[in-house]
Amino acid sequence: MSDTGSGNKMWGGRFSSGPDAIMEAINASIDFDAKLYAQDIAGSKAHAQMLASQEIISASDAEAILHGLDTILSEIEAGSFKFSAGLEDIHMNIEARLGELIGPAAGRLHTARSRNDQVALDFKLWVKSAAQEAATLLEKLMQVFLNKAEKHAGDVMPGFTHLQTAQPVTFGHHCLAYVEMFARDRSRFIDAIERMDECPLGAAALAGTGFAIDRDMTANELGFREPTRNSLDSVSDRDFALEFLAATAICATHLSRLAEEIVIWSTPQFNFVVLSDKFSTGSSIMPQKRNPDAAELVRAKTGRINGALLALLTVMKGLPLTYSKDMQEDKEPVFDAAQNIELAILAMTGMVADMKVNTGEMAKAADAGFSIATDLADWLVRETGIPFREAHHITGRAVALAEQKNCGLEELSLEDLKSVSDRIDTSVFDVLSVEKSVASRTSFGGTAPKNVAEQVKYWRKRLKQ
Ligand code: ARG
C-alpha cells in the first residue's frame, strides 16, 4: 500500500504526506454524497449572501462566489463536473472547483462555517424534501383507495381473523382501512418535517462563531422556520434522519401487509383480484402464470428499509457529542430507504388503481365458512334476551348441524333451527344473509355500506384541506 504522495489541498497544511490509498477509500464519501450537490450549492449561496450583507466578505467576492457556484451547478447537471475521491466529499469537491473558477475569493466562502454545519444542513434539506415527496405520494395512494372504496362500498367479502373467515365486511371498508394507515404514515412524515424545520447552518464546527453572522437570514433564505438554538446539538443531531427512517419503516410495513393481501387475493384459489398486465409478470416455463412480482417486491423492500433504520440507530448509539466521522455513514441507508419507499408507494398506487376486483368471487367467499354465525348469536341476544355466552353456544350447535347437512346457516329449516333452540322463530331469516349482516353494522367505524360512503366523503374533504 502506498500513499498518494500529495496532501489534501483543503486541509493538508500540517501534513507532510497524503493519505494511504486505503485511508482515502474508507474516508471518501463522494461516491454517495454527490447526491447532495444541489443542497450544498444552495447552502453556500445563502451563506455567501449573508456574509456579504453582514460585511464579513466584500460584495464583489460574494458576487464572484455566487456566479462560480451557479457555474458548478450547471457543470454537475450537465455531467461535465469531475468528482475526485481525493477531495473526499461533495463539500470539498465543490469548494475546490470554485477555487479553480474564481481564484482566491473562493477561500472566503468557508468563513464562519465548517463542514460539520454544512453537512448537517445539506442532509437535512435533502431529508426534508424526501419526507415531503413521500407524503405527497401517499396522498395519491389514498386517493386511489378512496375511489375503490366508493365503487365497492356495498360489495361484500369475507373479513378475516387468523386468515380464517370471520364476519362479512364490505370491500370498500377494507380499502378504507388502508386509507387510515396511509393517512397516519403521511402525518408521520409531516410531523417529522415540522420538527426538522430548524436550520443548523452557522453552528460552525461545534461552538458557533465570533463573526457577526445572521442566522435568521440564512434560515429564512433556505426555507426553514428558524435557526437551531444550540450549536453543539446542531452538528450532532441526526434525529431528523432517524425519524424519517422510522416513518419510512412503518409505512413500508403497512405496504408489505397490503402487498401480502394482494399476493393472496390474486392466487387462482382466492381469485378476489386480477392484476393488470401492466403489473403482472409471466413465467418463462409455465405459460398459465401471472405472477404478482411487484407486490412481492414491495413486501420484500420492507427488509432493507427496516434495516436502514436499524443501521442508523446503531451508528448514532453511544456517539459522544459532537460530530464524529461515524456520522458520515448516515447517508447511504437514508438514500436507499427514500428511493425504495417512493418506488414501493408508486408501485402500489399503480397496482391498486389498475387491478380488477372480482366482486362475484368475493361475495361467494363471504357466504362460505358460516361468516354470519355472529349475526345469529346477536339475533338471539336481541330478540330473546338470552345472554351472549349462551347464544354463542346455541349458534355453535347450529353451525355443527349445518356442517353435518353440508349447507349454510340460512339454508337450515326452521325446524332444524328450533332443534338447537326453541326460542328461534321465522323472523331469524331476516338477519341471515351476508348483505343484511354488513348493512346492520352501522356502529361508528363499522363496515356498513352507508358508513363506507360517509367515510369516503370525510376523507375527500380532509384531503382537500
Ligand atoms: N463527509 C463528511 C460527512 O458526511 C462531512 C463532514 C466532515 N467533517 C469533519 N469534521 N471531518 O459527515
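A brief look at the structure comes next. The structure displayed is predicted, hence computed values, not measured ones.

Remarks on the side chain of His 174
Mapped onto the elements, His 174 comes out in helix H7 (residues 171–195). Beyond its immediate chain neighbours, meaning those up to four positions away, His 174 contacts Met 157, Glu 261 and Trp 265.

Thoughts on the pattern of salt bridges
Taken as a whole and assessed by the stated rule, the structure comprises 29 salt bridges. Between Glu 198 and Arg 225 there is a salt bridge, with the nearest N and O atoms lying 3.9 Å from each other. Placement of the pair is Glu 198 in strand E3 (residues 198–199) and Arg 225 in the loop between helix H8 (215–221) and strand E4 (226–227), with a sequence separation of 27 residues. Linking Arg 229 and Glu 226 is a salt bridge whose minimum nitrogen-to-oxygen distance equals 3.5 Å. Linked by salt bridges that have partners in common, Glu 194, Glu 198, Arg 225, Glu 226 and Arg 229 make up one network.

Some remarks on the packing of aromatic side chains
Across all of its chains, the model carries 12 aromatic pairs by this definition. Seen in terms of ring centroids, Trp 126 and Phe 335 are 4.6 Å apart; in terms of plane orientation they differ by 65°. Their pairing is edge-to-face. Of this pair, Trp 126 sits in helix H6 (residues 115–151) while Phe 335 sits in helix H12 (residues 331–354), and the two are 209 residues apart along the sequence. For the pair Trp 126 and Phe 335, a shared accessibility class is recorded, and that class is buried. When the ring of Phe 189 is compared with that of Phe 244, the centres are 5.8 Å apart and the planes differ by 50°; the resulting orientation is tilted. Taken together, the residues Phe 189 in helix H7 and Phe 244 in helix H10 (residues 239–265) connect sequence positions 55 residues apart. Here the two residues Phe 189 and Phe 244 agree in accessibility, since each one is buried. Each residue in the set Phe 123, Trp 126, Phe 240 and Phe 335 is aromatic and connected to the rest through ring pairs, giving one cluster.

Reading the values: the criteria
- What you see as residue numbers is a count from 1 along each chain, following the sequence as written.
- With pLDDT at 70 or above as the cut-off, local features in this predicted model cover only qualifying residues; side-chain atom pairs require 80 or more to be listed or tallied, and sums for whole chains, interfaces and linings still use all residues.
- Excluding hydrogens and water, the side-chain values take into account all heavy atoms of the structure.
- In this description a helix means any DSSP run of H or I spanning at least four residues, a strand means any run of E spanning at least two, and both kinds are numbered starting from the N terminus.
- Residue contacts are counted whenever heavy atoms from the two residues lie within 4.5 Å of one another.
- Counted as salt bridges are all cases of a side-chain nitrogen of Lys or Arg within 4 Å of a carboxyl oxygen of Asp or Glu.
- In this scheme Phe, Tyr and Trp rings, the latter by its six-membered ring, pair at centre separations within 6.5 Å, and the angle between planes marks the pair as stacked below 30 degrees, edge-to-face above 60, and tilted otherwise.
- Burial classes follow relative accessibility: with a 1.4 Å probe on protein chains only, a residue under 20% of its type's maximum area counts as buried, one over 50% as exposed, and anything between as partly exposed.

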